[in-house]
Structures are given as C-alpha cells and as structure tokens.
Amino acid sequence: MKKKQQKQEFVAETSEMNNNNECSGQDQQKRYVWPWVGLVANVPTEVEPSGRRVGKSGSTLRDEFTLKGFNPTRVKPIWNTKGHTGFALVEFAKDFKGFESAMQFEKSFDLDRHGKRDWKKGHRLRDDKLYGWLAREDDYNRSDTVGKNVKKKRDLKSISQIVEEDQRKLYHLFENMCQTIEKNKQRKQQLEQKVDETLESLEFHNLMLNNSYQEEIQKMEKNMQEFYQQVLGGHEKSFAELEAKREKLDERARLIEQRAIKNEEEMEKTRLEREMIQKAMCEQNEANEEAMKLAEKHQKEKEKLHKRIMEMEAKLNETQELELEIEKLKGTTNVMKHMVGCDGDKDIVEKIAKTQIELDARETALHEKMMTLARKERATNDEYQDARKEMIKVWKANEELMKPEKIRVKIMGELNPAPFLPAVMNKHKAMMLCSVWAAEIGDVQWTPFRVDESDGTPKRVVDENDEKLRMLKNQYGEEVYSEVVRAKLEMEEHNASGSYETEELWNYEENRKATMEEITDVMLKIRSKLAAMKNKRKRP
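Residues numbered from 1 in each chain as written. Predicted model: local features only at pLDDT ≥ 70, side-chain atom pairs only at ≥ 80, totals over all residues. Heavy atoms only, no water.

- In the annotation of an unreviewed UniProt entry, the entry for the protein reads XH/XS domain-containing protein, and the organism field reads Arabidopsis thaliana.

Here it is as structure tokens:
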C-alpha cells in the first residue's frame, strides 16, 4: 500500500515538473536533431598550395562561442574530399540546459540577422560574418555532406518525446529503487531473525554448561565430604592437576584468538598484495603497449633521420663541388689578372670582370648552402637529442624488461659508494663521505683537469697539483680517488655546465654511450618479445 502511494506521488511530481517545463503545443511537436546540435555556416576558409581548403579549427570556434556564453561541448568542422566545407557542427549538452544554450545560440544569430533565414537569402545578400542556427528536421534530411554529418549518431525528436522518455527513465529508476529497498528490508528481517535464533541458542548452551558445571561441583563436594579422610593426602595433587588443565585451556583459547587475528591479517595482506599485483600488471601492460608504440615511432624517426642525413650528404657534395668551381674561377681570375698586367688587353679585362661577377655569385650561393646545411644540422641534432630523451623515459618505465639487455640507463657523474666503505669501515660515514664528494663534483668552480698537448693532440688529463684530489688520495686511497676523478670527468664530458647529473643510455658491455642504431635494435627486440607474450596470452 505504501509502495503504491509512493509511486502515485512520484508520478504526480514528475507530471508537475513536466508541466512547469512545458512549451506551447506547436513547439513541443517541432522535431529537433537530438542530441542538440547547431550549424555554423560561412566559416572563413582558404586554399593551400596543395589545392586543399582549410579553415578555423573546432577548438578555436568552441572557445569563441564559450566566451559568448553558449557553453558548447564541442565544435566539429565539416570536411569533404576538397577540404573544409565552411560549415561546422556545434554540439551541446544532452539535457535541457544544453537546449537552452542551443536556443540562446540560435537567437543570438537571429538578432544579429545572421540566422538560418538570412543564410537562405543567397550569396548576394550575405556578408563575411558567421551564420548559425539550431539543427532541425530539414537540416537532418539534407542529402549533402552537411546532412550526412548531422545524421551521424543523432535522431529527430520533439520536446514532448524527450520529456516522455526522461519521465519513463525516471519512473523505471524509481521502480528499481523501490524493489531494492524492499529486498533490503526482507534481508534485514532475515538477518535479525537469524541473530535472534543464534542468541537463543547461545543462551541455552550457556545455561546447559552452567547446570553441568554446578552438578559437577556438587558431586565433587559430596564425594569430598564422603571420602575426605581417604583422599586428604591426594587433595593438593588433584588441585594442582586441575589448575594445570585450566591454564592449558586458557592458553589454548589465547592461541586460538591469536590465530584468528593472524588469519584475518594474512587475508587482508593477501588481498592487498593481489590488488597491488593486478595494478602492477595493468601498469606493466600499459607500459608495454606504450613501449611498442614508441618502438614503431622511433623506427620511423630513424628512417627519417637516415633520409635527412643522406640529403645533407648530397648537399655537402654539392657544396664541395661549388667550392671546387670557386677555386677554379679564382685561379682563372688570377691568371687573367697576370695577363692584364703583361699586355692590358681589353677583352681580358672584360673576361676578368665577368669571371669576378660569376665568382661572387658562386660564393654567395655557397654561403647560403652552408647556412642552410648548418640549420638542418642543428635541427637534426635537436631531434636526435629529443629522441634519446624519449628512449630514456621508455627504458625507465620498463626497467624489468630492460634488465637483461646490454643497453641500460646510466646516471652520468654519479658516484659509486662501493669504494668508500672499505676506506672508512663504517657504512654511515661512507655514505656521508660519498655525499660530500658528490657535492664537490657538482661544483662548477672546481676543475681538477688540464689540457695536455704533448703528443700533438689536445686531451684532458688530471691536474696532479690539485689540492683537493691530493688530500683525497692521501687520506682515503687510490680507489676512492679514481672513482671521484671518473665521476667528475664523466659529468663534464656529458654536461656542458657540469653542475648536475644527467641520464644517458649506456652500452655496459663496451663501456660507452649507446648509439641510436643499438637503441633501436633493442627496442625492436623488446617489441617482438611483447608481441609474442601478447599473442601467447590471447591463445585459449
């Protein structure tokens, strides 16, 4: 009875709500494109050199409409085979707030005389501004590209149909909630009944135990009175045995309680570990998929880089040929100048002038080619460095997969604490000493190296007169000294500023910086492994 009354109240409330939101009968029967979508026409476009027409992006138009208070969820330009059509779809929220925003959108264009009616007047009466309106039945039934885009995942509905559908959904939701509440009430009654039965059973059991205990006590007292003299000698022994049994029972009860608590803790721990493992597996799968994508990406980048290098080599050859031609022209000019010095022939003077003009033009062309080559070399180097940084991220995200490989991430300039421990024989002091020298290595003012050109080739060597290194070697030995020198030299070689550690992909087998070819080979190898693992999991 109560449930029926609640249903009636709910239907009355929803009916009243619909009456409050009700439009005129004619407006309710008009069919709109749903979910609500507006059309924008006359979007400015231009033709690219390729012949394809382009225009404003959807995000730019969405931001403009948002600033005007229309609150669109998305703006999607309409494209065809020739490019941008000059039309765009303006999507709004599916609720009635979205409908209000859509109507405000249409009304704004109508008030500005740039609505649908104004658009249909023809090209001669239009200006360069945007035209907009809310999509209705005639827009939905268009047979052109605009109509096809309007139809995608949309339907024609009147306001009354949408209201009825919302009311039906609310009613079903209310029905489900009532059924759930009723089931929960029944379950609660069943649980309460079970609890009552359990309590009655426990009370009866306790009463039986108490009666049995009382009977045993009475029996023992009676036997003690009857045979007091006979069992007087064994009374203390019997009492001690009973006390021991009681303690054993207490100990057993305590152990049972501890085991129960421990079992609960272990179950909770197992559950958390299982969740962590599942989460780790999901993260690993995501990382594996990302690694596969990056492997493909960097393979393409490698091919692109190789192609660019080939182009640069071709341009370099052109530059060298141009330099050779310039040298030949300079030689020809010098010979002609020498001849002019001898006999002053007019023809030779003119030839010298022409040759000099050609020489200047060739030198200008050479300078431009060299500048272009330098710019491309810088761009290629930047792309190369960006690619290495991306690969370092991939390596760090897939440490477990990369462990068996010879290429791994190395922190350049990082101190190895292993040599410090034998030097001070105390782990805490060793770590403190290691931290102190790590700070010294990061100090850009400290440069314990000099340039040696004794063999004709300049190279960096350790300055044996450096006071800090001499004190370090004398106090802590050769191994600590060598490790500090290695780390400082490594940091300065791989970081121009020398003030902080950098990460690099390192070939640990050959103890050198890994090449992009080696890195790509490892990525392709890992990609093959991941693909094999994925296929293996898919098999039944």
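From this point, the discussion proceeds with the structure in view.
## Here's the deal with the overall build of the protein
Then comes step 1: Of the regular secondary structure elements, the protein holds 17 helices and 13 strands.
Then comes step 2: The 540 residues of the protein split such that 28% are buried.
Then comes step 3: Taking all contacts inside the protein whose residues are at least 6 apart in sequence as the whole, residues at least 24 apart take part in 66%.
Then comes step 4: Working note: accessible area of the protein is about 38,500 Å², and carbon and sulfur atoms make up 52% of it. (Helix = DSSP H or I, 4+ residues; strand = E, 2+ residues; numbered from the N terminus. Buried < 20%, exposed > 50% of the residue type's maximum accessible area, 1.4 Å probe, protein only. Contact = heavy atoms within 4.5 Å. Areas by Shrake-Rupley, 256 points an atom, 1.4 Å probe, with all protein chains shown as cover.)

## Some points on the sheet that holds strand β9 (residues 407–412)
Then comes step 1: With respect to topology, 3 strands assemble into an open sheet ordered β9-β12-β13, the strand pairing being antiparallel. Pairing within the sheet leaves two strands with one partner each, and these edge strands are β9 and β13 (512–513).
Then comes step 2: Across the sheet, helix α16 (residues 478–494) is in contact with β9 and β12 (502–507); its angle to β9 comes to roughly 100°. (Pairing = 2+ DSSP bridges. Axes fitted to C-alpha atoms, helices over the stretch in contact; angles between N-to-C directions.)

## Some details on α16
Then comes step 1: Relative to the 24 Å expected for 17 residues at 1.5 Å per residue, α16 spans 24 Å between its end C-alpha atoms, a close match to the ideal helical length.
Then comes step 2: When we look at burial in α16, the residues that qualify are V480, Y481, E483, V484, V485, A487, K488, E490, M491 and E492. (Expected span 1.5 Å × (residues − 1).)

## Quick word on the packing of aromatic side chains
Then comes step 1: Enumeration over the complete set of coordinates arrives at 12 aromatic pairs.
Then comes step 2: Note on W119 and Y131: the rings are 5.4 Å apart at their centroids and 55° apart in plane angle, and the pair reads as tilted. Residue W119 is found in helix α5 (residues 116–119), and its partner Y131 is found in strand β7 (residues 131–134); the two are separated by 12 residues along the sequence. The same class applies to W119 as to Y131, namely buried.
Then comes step 3: By the ring-pair criterion, three or more aromatic residues cluster together here, those being F65, F70, F92, F105 and F109.
Then comes step 4: The side chain of R126 reaches across the aromatic face of W119, ending 3.5 Å from its centre.
Then comes step 5: If you follow R408 out to its NZ or CZ, it ends over the ring of Y508, 4.3 Å from the centre. (Phe/Tyr/Trp six-rings, centres within 6.5 Å; stacked < 30°, edge-to-face > 60°. Lys NZ or Arg CZ within 6 Å of the ring centre and 35° of its normal.)

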